[in-house]
Amino acid sequence: MEKSNNLTRQTSASTKQSIHTIFAALCAIGIAFGMSRLTYASLVPSLIQESWVTLPQAGFLGGTNSIGYMMSCIFVAISIRHFGVRRTLQSGLLIGVIGALMSSFDLNFGWLAFARWIAGVSAAPLLILTPSVLVNNIPDSWHKISTGLAFSGGGILTVFTALTIPIFLHQGVQSAWFYELLIIGVATIAVWPLTRLAPSKPSFKQQQSIRTTGSQKQVLLGLRLALCFGAMGAQAPLILLTDYLHKNLHLPINTASEIFSAVGIGFICGAACSGILITFFGSRMSLLIVQLTGVASLALILISQNIMIIGLAAALIGFFVLGSVASSSHRSMEVVGQLNHPISWSKTVFLTGLGSVIGANGLSYLLYLGNSYQYIFSLAIVALVLAFVFTAGLSCRCLANEA
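Residues numbered from 1 in each chain as written. Predicted model: local features only at pLDDT ≥ 70, side-chain atom pairs only at ≥ 80, totals over all residues. Heavy atoms only, no water.

A.B. asks: Explain the pattern of salt bridges to me, using residue names and the numbers behind them.
C.D. replies: When charged atoms on two side chains of opposite charge get close, those side chains can pair. In this structure the tally under the stated criterion is 2 salt bridges. K247 is the partner of D243 in a salt bridge, and the nearest nitrogen-oxygen pair spans 3.6 Å. Highlighted residues: D243 and K247, both in helix α8 (residues 214–247), separated by 4 residues, approximately one helical turn. The partly exposed category is assigned to K247, whose relative accessible area is 37%. The residue R331 makes a salt bridge to E334 at a minimum N-O spacing of 3.0 Å. (Salt bridge = Lys/Arg side-chain N within 4 Å of Asp/Glu carboxyl O. Helix = DSSP H or I, 4+ residues; strand = E, 2+ residues; numbered from the N terminus. Buried < 20%, exposed > 50% of the residue type's maximum accessible area, 1.4 Å probe, protein only.)

Structure representation (structure tokens):
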């Protein structure tokens, strides 16, 4: 009986520790994907209205954020070799706080561009390293579902921010920036214990051990191309949807922000459901399902101006964005293993950042030339169709150990 009680207590303690670890990982992804990058869209109409930026400049700010994100993927690969995973994660958290603080002051456009670049730099360390730290500190039986739950953090913080930020927008856009800074600060405190579970020593030798077969290389190439084109196409709704609703459909900014919160709901569902889909259908079928939701989202925006349908489209693009990232992360781990996942995933995230840079700056240039939202959304859906093709043709190839 005593042995049984001890086993029960140990199991309970292990479960409690796993929940705390998943929650910290959820906050880390929330900072990386939600606060440092995507909640910016909720502020775009107010930034334009209060003359912080013009519409093309708002798009370029999204582009500089993506450039910082892309460049920090290289930083991660170098940093973990020389400083270790722990310090790299902690640096990402602190840089995120600095980026949010800088964004809160309208000194000039160059300052804002640099601030958004800094915020982008903070995202990649958290997005790349959190999954491997998470799975290394929870039981094997939790692996599939935990990754999805962690990635849902991007959605949870996006929804919460999009629904609550209109309260602060009444006081001015600077108040809204300070509010985002507060959320990032609190989330950083929650994540800090997770960083202490990460290896503190440099891991150069471990990262030289990646050996891939021809089929594995094709799967990784497919994942990277699909995420690159997916990120390229997703920029249009992620950056412009709120302003599209405000200007083209003549909705109040608060209402547009509330509809944009559906993107966050999609984030939550896409990330959380990725684990469920992988459990029941496998990673290959899950990737195909998620890719189709992205195509469907842009199609709905193009064919309808009904608010309910636009809200559904917003949810679907959120489902696609985090669902594809979470599913691709799991698929990548299947290919290279947990040990080699950080360095391999950093290359994948780099191409995702490249797609974001091309998409954000490309749409800004198209807006500068006077093109309509419909034209931009049409180009975006082409990119998402290509992402589906790469997924079907490469990412879903069978590996030697798969049926």
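A.B. asks: Residues and numbers for unusual backbone geometry, please.
C.D. replies: The phi dihedral of S51 is positive, around 65°, even though this residue is not glycine. Along the chain, S51 turns up in the loop between α2 (44–49) and α3 (55–82).

A.B. asks: An account of the packing of aromatic side chains is requested, with residue identities and associated values reported.
C.D. replies: Following the criterion strictly, the structure yields 8 aromatic pairs and no others. Seen in terms of ring centroids, F114 and W117 are 5.8 Å apart; in terms of plane orientation they differ by 15°. Their pairing is stacked. On the criterion of helical spacing, the pair formed by F114 and W117 is a turn pair, its members being 3 residues apart in helix α5 (residues 109–135). Exposure remark for F114: the relative accessible area of 42% places this residue in the partly exposed category. For W117, a relative accessible area of 25% corresponds to the partly exposed category. A centroid spacing of 6.4 Å and a plane angle of 25° characterise the contact between Y365 and Y368, whose relative ring orientation is stacked. Note that Y365 and Y368 are positioned in helix α10 (residues 307–368) at a spacing of 3 residues, about one turn of the helix. Judged by relative accessible area, Y365 falls into the partly exposed class, the value being 47%. We classify Y368 as exposed; its relative accessible area is 59%. Put simply, the rings of Y244, Y373 and F377 pair up and form one aromatic cluster. (Phe/Tyr/Trp six-rings, centres within 6.5 Å; stacked < 30°, edge-to-face > 60°.)

A.B. asks: Got a sec to walk through helix α7 (residues 173–195)? Specific residues and values, please.
C.D. replies: In this model α7 runs 32 Å from its N-terminal to its C-terminal C-alpha over 23 residues, within 8% of the 33 Å that 1.5 Å per residue would give. Along α7, the helix axis deviates most sharply at I189, where the bend reaches about 30°; the proline P193 sits within four residues downstream. (Expected span 1.5 Å × (residues − 1). Bend = angle between axes of the 7 residues up to and from the residue.)

A.B. asks: Summarise the packing of helix α9 (residues 253–303) against α10; cite the residues concerned and give the values.
C.D. replies: At their nearest, the axes of α9 and α10 sit 5 Å apart, and the two run at 35° to each other. The residue inventory of the contact of α9 with α10, partitioned by class, reads 29 nonpolar, 16 polar and 3 charged. (Axes fitted to C-alpha atoms, helices over the stretch in contact; angles between N-to-C directions. Nonpolar A, V, L, I, M, F, W, Y, C, P; charged D, E, K, R; others polar.)

A.B. asks: Quick rundown of the environment of G154? Include the residues and the values.
C.D. replies: Tracing the backbone through its elements, the reader meets G154 in helix α6 (residues 143–169). Looking at G154, the relative accessible area reads 0%, which means it is buried. Separated by 243 residues in sequence, G154 and R397 place their C-alpha atoms 29 Å apart. With residues near it in sequence (within four places) discarded, G154 still touches I29, G30, F33, G34, F267 and L322. (Contact = heavy atoms within 4.5 Å.)

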